[in-house]
Structures are given as structure tokens and as C-alpha cells.
Amino acid sequence: QGEEIEPARPKAINLGINRANDTSNVKTSGISIGITFPFIAGGPASVHAADAGRDAVWQEYQQRLDEASSQVHTLSADFKLVDAQLMRFQTDLPQTRDALQAAHAAYVRGDLTSTEYYNLAITALNNQLQAVDLETDRQQLRIALFTQLGLPPADLHHLALKEASQ
């Protein structure tokens, strides 16, 4: 966890110099010292209130950290899942294109009916569209993950260039 931090106690020491003139031109000078302790004049209540407020702020901060960590883990897992699905589709796309070309040749020769060729073409097109949708999902998850991590735009641009070169 973290170190126990000693809460600040409301105490004060005031030093001052007093100078005064009265109407008969008598001048006086003096030093004043004021000390405020938390156990005098409602101090314990204000210390307790400050401690309670500090604890509430710390709990809220810890809750936000926990939520952010959970969101990062969820986004990371979703990103890996979508990335794996996209890689699978990208691996299958050349085979799908080859199959569509073979189907077109078979249609031209008269070995396939127009309905069969149409169904194969629509299936190939849907696979391509699904790959585009997965790429869109991947980029949205990437942006959400980087945003959650608080990466500055310069880092995002650098990472995009790095990914594009791979």
C-alpha cells in the first residue's frame, strides 16, 4: 500500500511587532506572540473534520484508481481479442479472394449458376467488411486504451508511426 501520512494539524504561531501613538504623542512599541493549538477553541473538532475529509478524498482517489485499472485491463483484453480476430480474418482474406476468383472463372465457364456465384461474392464481400469493422474496433479500443493510460498525443502519433512501419 502506501506510507501512512501524518495529517496536517491546524496550529499556528504568530509573531508581530506593535507600534502605537496616542493623542499626547506617547509612542509605544511591543512584541506580540500568538500560539494556536488544535485542542483549544474547537480545534479537536476541526482536526477530526479535516481527517475525515482527507480520508474521504483518499478513498475516492483509490476508488478512481481501481476503476481506471479495471478499465485498462478490460480494454487491453478486448484489444487482444479483436486483434486476434482481425489477424485471423486477414490471414483468410487471400484465400477468400482466390476462392472468389476461382468461382468467377467457374461462373464464366458455366459451372456455377448466377445465384451460387452471387452468394459466394456476397460472402467474400461480407468477410472484407467484417475485417474493416474489426480494424475500426481495434483502432477505437487502441484510442480508448491510450486515453485511459493518459498518453499524450505525441506518444500516440509515435506509436501509430511505429505500428505503420511494422
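All values reported here derive from a predicted model rather than from experimental measurement. (Residues numbered from 1 in each chain as written. Predicted model: local features only at pLDDT ≥ 70, side-chain atom pairs only at ≥ 80, totals over all residues. Heavy atoms only, no water.)

**Let's talk about the overall build of the protein chain**
Part 1 of the argument: The secondary structure content of the protein chain amounts to three helices and two strands.
Part 2 of the argument: Ordered by position in the sequence, the α and β elements of the protein chain form the string β-β-α-α-α.
Part 3 of the argument: Put simply, of all contacts in the protein chain between residues at least 6 apart along the chain, 53% involve residues at least 24 apart.
Part 4 of the argument: Roughly 13,000 Å² of accessible area belongs to the protein chain as shown, and the carbon and sulfur atoms make up 58% of that amount. (Helix = DSSP H or I, 4+ residues; strand = E, 2+ residues; numbered from the N terminus. Contact = heavy atoms within 4.5 Å. Areas by Shrake-Rupley, 256 points an atom, 1.4 Å probe, with all protein chains shown as cover.)

**Thoughts on the pattern of salt bridges**
Side chains that differ in sign of charge can pair as their charged atoms come close.
Part 1 of the argument: Enumeration according to the criterion identifies four salt bridges in this entry.
Part 2 of the argument: In this structure, R64 and E60 form a salt bridge, with 2.9 Å as the shortest nitrogen-oxygen distance. With a gap of four residues between them, R64 and E60 both fall in helix 1 (residues 43-109), about one helical turn apart.
Part 3 of the argument: On the basis of relative accessibility, which here comes to 54%, the residue R64 falls in the exposed class.
Part 4 of the argument: Of the residues examined, E60 reaches a relative accessible area of 40% and is grouped as partly exposed.
Part 5 of the argument: A salt bridge links D111 to R109; its shortest N-O distance comes to 3.0 Å. Grouping residues by exposure puts D111 and R109 together as exposed.
Part 6 of the argument: A single network of salt bridges, built from pairs that share partners, joins D83, E135 and R138. (Salt bridge = Lys/Arg side-chain N within 4 Å of Asp/Glu carboxyl O. Buried < 20%, exposed > 50% of the residue type's maximum accessible area, 1.4 Å probe, protein only.)

**A closer look at the packing of aromatic side chains**
Ring pairs (aromatic) are described by centroid distance and by the angle formed between their planes.
Part 1 of the argument: Scanning all chains against the criterion turns up two aromatic pairs.
Part 2 of the argument: Seen from their ring centres, W58 and Y61 are 5.4 Å apart, and the 40° between their planes marks the pair as tilted. Here W58 pairs with Y61, and both are found in helix 1, just three residues apart, close to one helical turn.
Part 3 of the argument: According to the relative accessible area criterion, Y61 is partly exposed, its value standing at 44%.
Part 4 of the argument: Centroid distance Y107 to Y117: 5.1 Å. Interplanar angle 15°. Geometry classified as stacked. Note that Y107 is positioned in helix 1 and Y117 in helix 2 (residues 114-149), a separation of 10 residues in sequence. (Phe/Tyr/Trp six-rings, centres within 6.5 Å; stacked < 30°, edge-to-face > 60°.)

**Some points on the side chain of T96**
Part 1 of the argument: If you trace the backbone, T96 turns up in helix 1.
Part 2 of the argument: Among all residues touching T96, those that are not within four sequence positions of it are A124 and N127.

**Thoughts on a nonpolar patch on the surface**
Part 1 of the argument: A cluster of nonpolar residues, I13, L15, I17, I31, I33 and I35, forms a patch on the protein surface that exposes about 740 Å² of accessible area.
Part 2 of the argument: When contributions to the nonpolar patch are tallied by element, the ones reaching two or more residues are strand 1 (12-21) and strand 2 (27-36).
Part 3 of the argument: When you line up the elements, I33 lands in strand 2.
Part 4 of the argument: Among the residues examined, I33 registers a relative accessible area of 60% and is labelled exposed. (Patch = residues over 30% accessible without salt bridge, like charges linked within 9 Å, V, L, I, M, F, W, Y side chains within 5 Å.)

**Topic: the nonpolar core**
Within soluble globular proteins, side chains that are nonpolar tend to cluster in buried spots.
Part 1 of the argument: In terms of nonpolar packing, the biggest core is built from 10 residues, these being V72, L75, F79, V82, L86, L93, A131, L134, L141 and L145.
Part 2 of the argument: Every element with two or more residues in this core is listed here: helix 1 and helix 2.
Part 3 of the argument: Element by element, the count of residues in this core is highest for helix 1, at six residues.
Part 4 of the argument: Those residues in contact with V72 that lie beyond four places of it in its chain are L145, Q148 and L149. (Core = buried A, V, L, I, M, F, W, Y, C linked by side-chain atoms within 4.5 Å.)

**Remarks on the confidence of the model for the protein chain**
Part 1 of the argument: Chain-level statistics for the protein chain give a pLDDT mean of 81 and a share of 77% at 70 or above.
Part 2 of the argument: No element of the protein chain has a lower mean pLDDT than helix 3 (residues 153-165), at 65, and none a higher one than helix 2, at 90. (pLDDT = per-residue confidence, 0-100.)

**Concerning the environment of D83**
Part 1 of the argument: Looking at where D83 falls in the secondary structure, it is placed in helix 1.
Part 2 of the argument: Note: C-alpha distance between D83 and Q139 (56 residues apart in sequence) is 9.7 Å.

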